[in-house]
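Read off the chains here:
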Amino acid sequence: MPNKFLFLKKIFYAALLIAVLFDVCFSFKQYSRFPLDGDMAGGVVPANDVKKILADPLGISVLLKKEVYPNPNRFFAHWSVYKYFRTMPTFLQNFTSPIDSVYLSCTIAKIITQVLLIFLLAYCASIYPNTKGKDTLLAAALITPLFQTEGYNRVIGIIDWSAAYTFFYAVPLIFTILFFLPFYNTYFLNKKNSFNIFTYLLLILLAIFISLNGPLIPGVAILVCPITLIYYWHTLYKKTEENGVIKKMYISASAIPKPLLFYFSLLSFLSLYSLYLGSFNSLNSSFNLPIYERYIRLAQGVKNLFTEGPAFPLIILMILLNVGIIIWKYNKEPDFSKVISIPKCFVVFSILYILLLPLGGTRMYRPYIIRFDTIMPVTLGAFFLFSVTALFLLKKITGFYKLIYFAITFAFLFHYMDEDNSLFHNNIKEKAALEIIAKSPEKIVEIPSDVTVLSWVKITDYTQSDLNATLIQCWGITKEKKLYYQK
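Residues numbered from 1 in each chain as written. Predicted model: local features only at pLDDT ≥ 70, side-chain atom pairs only at ≥ 80, totals over all residues. Heavy atoms only, no water.

1. Here we look at the nonpolar core
Here's step 1: Counting residues in each nonpolar core, the largest one holds 150 residues, and the members touching the most others are Met40, Phe85, Leu117 and Phe179.
Here's step 2: If we skip the residues at most four places from it in the chain, phenylalanine 85 touches Met40, Val44, Ser105, Cys106, Ala163, Phe167 and Trp475. (Core = buried A, V, L, I, M, F, W, Y, C linked by side-chain atoms within 4.5 Å. Buried < 20%, exposed > 50% of the residue type's maximum accessible area, 1.4 Å probe, protein only. Contact = heavy atoms within 4.5 Å.)

Next up, the structure:
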């Protein structure tokens, strides 16, 4: 009987691995069908405003001269887009055609980002060291269906339809998790302190990299880091038996673990500097509103997230079910306090993060402030919270009730898999238009009017295709620069 049970467990975990791999492969196919976005040429050629960003990584011209230009605090996001799409298509042309190399580059960037985020979240959710590998696989199976390529992408999407914007939103989240991971392992999971000289140097580089990257990370950092330090200080303050308030405050501050104090303070400072640079972002002034109106719009945006489809409500309901069962049935377990502290932190972080969003300005294309892209840290937090609580219950529940809970969880995840079972996007016409441009003997080429090429809208004036044409030539699709237009 034990051997049979062990065999069934192996079958179960093999099935989980196959399911995760199948979902990832299907996502790869979905990503391969997306057209090129309209901001790619500006980032890769690059456009003049991006040249300014790339020439001033630390925003010194803002600091010293108060210059105003687009995205002065997002150097590493722009640099990543520039470097990746300047090198990857060229490398892939050793194996495929110039046109296919561009789309394959986009697909690879998206799928690697998705896999890394799934693995990191699953790794963090598997909090039991004795079963770390198996728990990581189970957590990955719980998280993977929630990554929506089509389906609910515009509500809980993590990987943007735009390859360029994936570098601004999802990719920085990978490095943010990597920054916090050593502290999570050491101070939350109470693992052996693994800090060494390599870790110290890497953390400094990561702090610089994530603070001057996408638009989301500085806001995350100035919430997580100070709140964590204040929590540690307050806990130590209550335990200090010294007399005198000032002395107790000093002793408590001195007792905060030095790596935590230094690196969280460093990231907080760099993030505040990044937010300062962001206040000189020329894009913020194009559609700004009074602060009270921003919060009115934010309230409508939050309402939209919960009323336009069941994507968010279902996740929240499943988390509430998990937390409710844990509090009701397993509050005497030794790891109860650790697990239940995660939803508490998530609620505090989510509320504060959402309330800070209107302070970042407004955009014409994001009238309600909050959207699938600006709320990504909360969305990823919800994925993590669901997986860690579900993993806890799957380990604790036994007998018939485990079958019931497993069935509920499977039905929940199947809904997201079914919703994302789509190949809606298609780039066949765009590829055909690129072929027309490549093969045409003309220097100004007419392309079909039912497709866009490296643009959000149709290009009726061929002079507006200048930047795109430069990129197409840079990728080796054309041997000389060819402008194009549509009627």
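2. Let's talk about a nonpolar patch on the surface
Here's step 1: A cluster of nonpolar residues, Ile227, Ile291, Tyr292, Tyr295, Ile296, Val347, Val348, Ile351, Leu352, Leu355, Leu356 and Leu359, forms a patch on the protein surface that exposes about 1,100 Å² of accessible area.
Here's step 2: For the nonpolar patch, the secondary structure elements donating two or more residues are helix H15 (291-307) and helix H17 (336-356).
Here's step 3: With six residues, the top contributor of residues to the nonpolar patch is H17.
Here's step 4: As for its placement among the helices and strands, leucine 352 is situated in helix H17. (Patch = residues over 30% accessible without salt bridge, like charges linked within 9 Å, V, L, I, M, F, W, Y side chains within 5 Å. Areas by Shrake-Rupley, 256 points an atom, 1.4 Å probe, with all protein chains shown as cover. Salt bridge = Lys/Arg side-chain N within 4 Å of Asp/Glu carboxyl O. Helix = DSSP H or I, 4+ residues; strand = E, 2+ residues; numbered from the N terminus.)

3. Regarding helix H16 (residues 311-329)
One turn of the α-helix equals 3.6 residues, which is why residues spaced by three or four share an orientation.
Here's step 1: The first and last C-alpha atoms of H16 sit 28 Å apart over 19 residues, in line with the 27 Å expected at 1.5 Å per residue.
Here's step 2: Taken together, the buried positions of H16 are occupied by Ala311, Phe312, Ile315, Met318, Ile319, Asn322, Val323, Ile325 and Ile326. Down the axis of H16, the buried set is contained in an arc of 170°. They therefore lie on one face. Residues of H16 that are exposed and angled more than 90 degrees away from the buried face: Leu317, Leu320 and Trp328.
Here's step 3: Here the buried face of H16 lies against helix H8 (153-156), H15, H17, helix H18 (376-396) and helix H19 (399-419). (Expected span 1.5 Å × (residues − 1). Arc of directions from axis to C-beta.)

4. Quick look at the side chain of aspartate 37
Here's step 1: Summarising the element assignment, aspartate 37 is placed in the loop between helix H1 (2-31) and helix H2 (40-44).
Here's step 2: Buried within the structure, aspartate 37 lacks any salt-bridge partner; its nearest side chain of opposite charge belongs to lysine 110, at an N-O separation of 7.1 Å.
Here's step 3: A distance of 2.9 Å separates a polar atom in the side chain of aspartate 37 from the backbone nitrogen of aspartate 39.
Here's step 4: A polar contact of 2.9 Å, which involves the side chain of aspartate 37, links it to the side chain of serine 162. (Lys, Arg positive; Asp, Glu negative; His and termini not counted. Polar contact = N/O pair within 3.5 Å; in protein donor to acceptor, adjacent residues only side chain to side chain.)

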